[in-house]
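Coordinate inspection notes
The primary structure of each chain is shown beneath.
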Amino acid sequence: MRVYDIISKKRHKKELTKEELLFAVNGFVNGEIPDYQMSALLMAIACNSLTNQETSDLTEIMAKSGDMYNLSELGEFTADKHSTGGVGDKTTLIVAPIVACAGLKVAKMSGRGLGFTGGTADKLEAIKGYKISLPYNEFINNVKKTGVSVITQSGNLCKADKLMYALRDVTATVDSIPLIVSSIMSKKIASGAKTIVLDVKKGSGAFCKNIKKATELSEKMVNIGKRHNRKIAAVITDMDKPLGKYIGNLLEVKEAITTLKNETGGELKEVSLVLSAEMISLSKNISYEKAYKQAKEILESNKAFYKFLEWMENQGADLNFLKNYNDFENALYKKEIKAQKNGFVTKINAEQVGNVSVMLGAGRKEKQDIIDNYAGIKIEKNVGDKVQPNDCLAVLYSNKKISKETEDYFYNAYDFGNKKPKIKPAVLKIIE
Ligand code: URA
């Protein structure tokens, strides 16, 4: 077999066999196939797509390219969630303790921030003492003890995805649906949970800019999950504006805590409850309505908050540090961004807000950048709010001086109009 022929076949829109995909992926992982040939194959796939069979085969091959976790020792209710990436998305910190209270086992590996989107691993690592890497046995024992443990992705999980993603990132092939499907689903399948709930973000702060693409992506991922014997659903949620009020690692930890303590709510609470309900309903085979009621009761009775503290303590977090979550707004520099006109906020461009959070230090511009855990943004005026000149739209936080350019770029993320805009629901569609 020659990789040249495989590239040529896909370039001419023909279906690849499992053997051909295996040859290309394994050859690339083993270093026998060079970057330029894998890049050419990825481009051919991005241009000509993959059939469902090819996508399923590619997913399986990628999943098996590294460690495969078998969580059967945790029983039948293992559950995982995955977000396709957004701005201000701290739902894992809320959902994991809710579903653990309902008896599910969450042995979760989370990713780091990517581009303008945040990553759960970075948020957890911002918590003083929290051990984001654990040996496998300790990870599993934590789940046995408290029902939840979240660590960063092990270096050996889906080796193929790590290498292929790095090429996609620099060859304009990230937004190919079959490549996204195989990238996400190979990691979820290798991670071993029986139930998988996907949070597919749609809007200006997501790579699915419209509902058609989000629906197509969701249906394909659900299809692949089913082919691999998983209980799976996709929840399409709005990312046309950031989720919740805070963006930035410790600021988001603060908002997760206040939501768990029932001091704040809104769209963040609603998205967290819907994701929790889907995980409980699929795992326990009960109706969505019953599962939603259970998730709401767990959250509103503060059981999830105490489970969160148990999870944190078990994983080394300093509970005194967490108790003083109001100090998470103590960055050295703060800048209020003021409205310059009368009217309603009609839009907040989430991608632009995500970019500002990176400029402030909350994310990485280069792989080796060190994150400023205190950097970020508090949104004071959201879509639909009425404003007048000098009202505070948002506060920017950073431990380095905030430039005028950053302030102006942030201001431009806001659109204003004379009419109050229609507010879209936070949960747009559920695909089972
Ligand atoms: N997230 C992933 O893990 N992979 C993709 O391809 C896109 C988003």
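A quick note: this is a predicted structure, and the numbers were derived from the prediction, not measured.

The helix and strand inventory of the protein stands at 17 helices and 13 strands. Relative to its length of 432 residues, the protein is compact, with a C-alpha radius of gyration of 22 Å against a globular reference of 22 Å. Along the first, second and third principal axes, the C-alpha atoms of the protein reach 65 × 45 × 40 Å. Across the 432 residues in the protein, those meeting the buried criterion constitute 57%. Once local pairs closer than 6 in sequence are excluded, the contacts in the protein between residues at least 24 apart make up 78%. Summing over all exposed atoms, the protein offers an accessible surface of approximately 18,100 Å²; the carbon and sulfur share of this is 48%.

What follows covers the domain arrangement of the protein. It is common to give the size of an interface as the accessible area that goes away when the parts come together. Looking at the protein, the domain boundaries give domain 1 (3-48), domain 2 (72-155 + 191-322) and domain 3 (329-417). Look at where the C-alpha atoms of domain 1 and domain 2 centre, and you get two points 34 Å apart.

What follows covers the sheet that holds strand β10 (residues 386-387). Reading across from one edge, β10-β8-β12 is the order of the three strands in this open sheet, with antiparallel pairing throughout. Both outer strands of the open sheet, β10 and β12 (414-417), are each paired with one neighbouring strand and no more. Of the strand pairs in this sheet, strand β8 (residues 343-348) and β12 are connected by four bridges, and their pairing is antiparallel. Bridge pairing in β12 places lysine 347 opposite aspartate 415.

Turning our eyes to something else, we now look at the state of the cysteines. Going through the model one piece at a time under the given rule, you end up with zero disulfides. Note on cysteine 47: no disulfide assigned, nearest cysteine sulfur contributed by cysteine 208 at a separation of 18 Å. For cysteine 47, a relative accessible area of 57% translates into the label exposed. Here cysteine 158 stays unpaired: no disulfide links it, and the sulfur of cysteine 208, its closest cysteine neighbor, is 20 Å away. Since its relative accessible area comes to 1%, cysteine 158 is described here as buried.

Scanning the entire structure with this criterion turns up ten aromatic pairs. Between tyrosine 288 and tyrosine 292, the ring centres sit 6.2 Å apart and the planes meet at 45 degrees, which makes this aromatic pair tilted. Taken together, the residues span about one helical turn, with tyrosine 288 and tyrosine 292 both in helix α13 (residues 288-300) at a distance of four residues. By way of ring pairs, the aromatic residues Phe410, Tyr411, Tyr414 and Phe416 are connected into one cluster. Here the guanidinium or amino end of lysine 284 rests over the ring plane of phenylalanine 77, the centre of that ring lying 4.6 Å away. Seen from the ring of phenylalanine 344, lysine 386 lies directly overhead, with NZ or CZ sitting 5.5 Å from the centre.

Before going further, it helps to examine the site of the ligand. Taken together, Tyr165, Arg168, Ile180, Ser183, Ile184, Lys187 and Phe207 make up all the residues around the ligand. Between an oxygen atom of the ligand and a side-chain N or O atom of arginine 168, the distance comes to 2.9 Å. Between the ligand and the protein, one listed contact pairs a nitrogen atom with a side-chain N or O atom of serine 183 at 2.6 Å. Protein contacts shield 91% of the accessible area of the ligand, which totals 240 Å² for the unbound molecule. Counting residues per element, the ones that place at least two in the shell around the ligand are α8 (159-170) and α9 (177-191). Of the residues forming the shell around the ligand, the biggest block, four residues, is contributed by α9. When grouped by side-chain class, the residues that make up the shell around the ligand number four nonpolar, one polar and two charged.

Moving on to α13. Along its 13 residues, α13 runs 18 Å from first to last C-alpha, staying within 8% of the 18 Å computed at 1.5 Å per residue. Buried residues in α13 make contact with α5 (91-101), α11 (249-260), α12 (266-284) and α14 (303-314). Backbone geometry just after α13 places asparagine 302 at a positive phi near 70 degrees.

Within the secondary structure layout, aspartate 372 lies in the loop between α16 (350-360) and β9 (376-379). Although aspartate 372 is buried, it forms no salt bridge, and the closest oppositely charged side chain is lysine 400 at an N-O distance of 7.0 Å. Among the polar contacts made by the side chain of aspartate 372, one reaches the main-chain amide nitrogen of tyrosine 374 at a distance of 3.0 Å. Discounting chain neighbours no more than four positions away, the residues touching aspartate 372 are Leu360, Gly361, Ala362, Ser398 and Asn399.

What follows covers the side chain of serine 83. As for its placement among the helices and strands, serine 83 is situated in strand β1 (residues 79-83). Within polar-contact distance, the side chain of serine 83 engages the backbone nitrogen of glycine 85 at 3.0 Å. Side chain to side chain, serine 83 and aspartate 89 meet in a polar contact 3.0 Å long. What serine 83 contacts, discounting residues up to four positions off in sequence, is Asp89, Asp199 and Lys201.

Reading guide: rules and limits
Residues numbered from 1 in each chain as written. Predicted model: local features only at pLDDT ≥ 70, side-chain atom pairs only at ≥ 80, totals over all residues. Heavy atoms only, no water. Helix = DSSP H or I, 4+ residues; strand = E, 2+ residues; numbered from the N terminus. Rg over C-alpha atoms; globule rule 2.2 N^0.38 Å. Buried < 20%, exposed > 50% of the residue type's maximum accessible area, 1.4 Å probe, protein only. Contact = heavy atoms within 4.5 Å. Areas by Shrake-Rupley, 256 points an atom, 1.4 Å probe, with all protein chains shown as cover. Domains from an automatic or database assignment. Pairing = 2+ DSSP bridges. Disulfide = S-S within 2.5 Å. Phe/Tyr/Trp six-rings, centres within 6.5 Å; stacked < 30°, edge-to-face > 60°. Lys NZ or Arg CZ within 6 Å of the ring centre and 35° of its normal. Near = heavy atom within 4 Å. Polar contact = N/O pair within 3.5 Å; in protein donor to acceptor, adjacent residues only side chain to side chain. Nonpolar A, V, L, I, M, F, W, Y, C, P; charged D, E, K, R; others polar. Expected span 1.5 Å × (residues − 1). Lys, Arg positive; Asp, Glu negative; His and termini not counted. Salt bridge = Lys/Arg side-chain N within 4 Å of Asp/Glu carboxyl O.

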